[in-house]
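Below are the chains, spelled out letter by letter.
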Amino acid sequence: MWFSLLPEAVRASERFDWFNDTVSQAVMPTVMSVEPFTEFRAEAAMLDLGAPRVARFAFSPLRSRRTPALIRRGDPEQYQLALIRGGAAVLSQEGNESRIGAGEFVFWDTSRPSDTRILPGPGPVRLTMLQFPRAALSLPGRRLERLLAARLPGGRGVAAVLASFLDGLEAHGDTCGAAELSRLGTVAVELAGALLAQQADGVGRLPAEIRARVLLDRVRAFIEDNLGDPQLTPGVVAARHNISLRTLHQLFRTQEVQTDTVHAWIRRRRLERCREDLASTRLHTYPVQVIADRWGFSSATVFSRTFRRAYGVTPTEYRGMSLVGTLAPKVEDPRTDGTSAWVPAS
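As the structure is a prediction and not an experimental result, all values here were calculated from the model.

Colleague: Explain helix α4 (residues 157-172) here, please?
Modeller: Structural remark: α-helix, 3.6 residues per turn; residues separated by three or four positions point the same way. Compared with an ideal rise of 1.5 Å per residue, which puts 16 residues at 22 Å, α4 spans 23 Å between its outermost C-alpha atoms and is within 8% of the ideal. For α4, the complete set of buried residues consists of Ala 159, Leu 162, Ala 163, Phe 165, Leu 166 and Leu 169. Mapping the buried residues of α4 onto a view down its axis gives an arc of 160°, with all of them on the same face.

Shown next as structure tokens:
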């Protein structure tokens, strides 16, 4: 039967610590963190299928990292395959990184370091995760490496069959006996193996243009997830994805972001995040420099000058006009040619 990992009796102030400790014990050791002043909510339950397990989770945005030290401390030596039911996450492992949304699968190995960022959204992230021993798959590890942290579509073929199978387990698993659950566990691992084998074969046959677009998606997701790091540079982005700086710049020139250099893309996304925070009534008491620091601007002078060049007003002026409703958009994105992207409302 399903058993809860997070009893309702846990007080709200203790919920995050409980969730962190319980997941570390029942799934694998990780270190989790949440944004300051965030009210954390979580639900979790597990269903044993013999050696495999199915877990279902719903929780607030967080970051979960699995380091070499944590792997040495405890490693179930599993593959884990998750179906995202709602919300979005960014997962990185072995030089791969993907942003995964509702209806998609993502795959990772507990024996390798990983970094997962659950992204803010209108509701909690919900997922169903299948855990099974690495030895249960007959596929060679080298074929699976390129699938680690990859986004696997779940709407057709074997993936759709597996998604429906997991739906059935969630709905009716607690009505099955131990022997039935063990047989269902075998079926779940076979379906997972079929999905991974299909994806491993397909990745190698992708045309060069599609492989480039997939790489660009990974790069942009990495940039988005690390905007707050003031050390984020094109060189860091290229090294993180095991490509040359020249290849990175070429990737941006040949795809739909060709109007931006990599550096300009990073700057633009930082400005957009700052603009969103400055317009937020929830953050109106935060000093402007705190918001700038949050998104990677370590110098108040540089931030103010860059913001004014992009939007035509200072950050403080923008916040004031935004909060009283006297700001109207002229274009969606900040300009890079020195003209104003925002004007006072008439």
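Don't stop here, the text continues.
Colleague: I keep staring at the pairing of strand β11 (residues 125-133) and nothing clicks. Help me out?
Modeller: Moving residue by residue along a regular strand, the side chains alternate between the two faces of the sheet. Along β11, 7 of the 9 residues are buried, which leaves the element largely enclosed by surrounding structure. As paired elements, strand β4 (residues 53-59) and β11 share 7 bridges and run antiparallel to each other. Its bridge partner lying in β11, Ala 58 is registered against Arg 126. Where strand β6 (residues 78-86) and β11 come together, 8 bridges link them in antiparallel fashion. Bridge pairing links Ile 84 to Leu 127 in β11.

Colleague: Any chance you could explain the packing of aromatic side chains here in plain terms?
Modeller: Here a ring pair, both rings aromatic, is described through the centre-centre distance and the interplanar angle of the planes. Enumeration over the complete set of coordinates arrives at 13 aromatic pairs. The interplanar angle of 45° and the centroid separation of 4.6 Å between the aromatic rings of Phe 307 and Tyr 311 together place this pair among those described as tilted. Here Phe 307 and its partner Tyr 311 are both found in helix α11 (residues 300-311), 4 residues apart, which amounts to about one turn of the helix. Side by side, Phe 307 and Tyr 311 carry an identical accessibility label, which is buried. Of the aromatic side chains, those joined through ring pairs into one cluster are Phe 16, Phe 19, Phe 40, Phe 57 and Phe 59.

Colleague: Any chance you could explain the sheet that holds strand β10 (residues 114-118) here in plain terms?
Modeller: Strands sit in the order β2-β5-β10-β7-β8 across an open sheet of 5 strands; the sheet is antiparallel. Both edges of this open sheet fall to β2 (31-33) and β8 (96-101), since each of them pairs with a single strand only. If you compare each strand with its neighbour and ignore which way they point, the axes differ by 15° on average. As defined by bridge partners, strand β7 (residues 88-93) adjoins β10 across 4 bridges and the pair is classed as antiparallel. Within β10, the position partnered with Val 90 by the bridge is Arg 117.

Colleague: Could you clarify how one ought to interpret the layout of surface pockets in this entry?
Modeller: Any empty space left between atoms is shown by rolling a water-sized probe over those atoms. Estimates place the volume of the largest pocket at around 1000 Å³. Elements with a minimum of two residues in the lining of the largest pocket: β7, β10, α6 (208-225), α9 (262-278) and α10 (288-294). Class assignment for the residues of the lining of the largest pocket results in 18 nonpolar, 6 polar and 12 charged.

Reading the values: rules and limits
- Residues numbered from 1 in each chain as written.
- Predicted model: local features only at pLDDT ≥ 70, side-chain atom pairs only at ≥ 80, totals over all residues.
- Heavy atoms only, no water.
- Helix = DSSP H or I, 4+ residues; strand = E, 2+ residues; numbered from the N terminus.
- Expected span 1.5 Å × (residues − 1).
- Buried < 20%, exposed > 50% of the residue type's maximum accessible area, 1.4 Å probe, protein only.
- Arc of directions from axis to C-beta.
- Pairing = 2+ DSSP bridges.
- Phe/Tyr/Trp six-rings, centres within 6.5 Å; stacked < 30°, edge-to-face > 60°.
- Axes fitted to C-alpha atoms, helices over the stretch in contact; angles between N-to-C directions.
- 1 Å grid on protein atoms, 1.4 Å probe; cavity = no way out; pocket = protein on both sides within 12 Å on 5 of 7 lines; lining within 4 Å.
- Points joined across faces, edges and corners; volume = space filled by probe spheres on them.
- Nonpolar A, V, L, I, M, F, W, Y, C, P; charged D, E, K, R; others polar.

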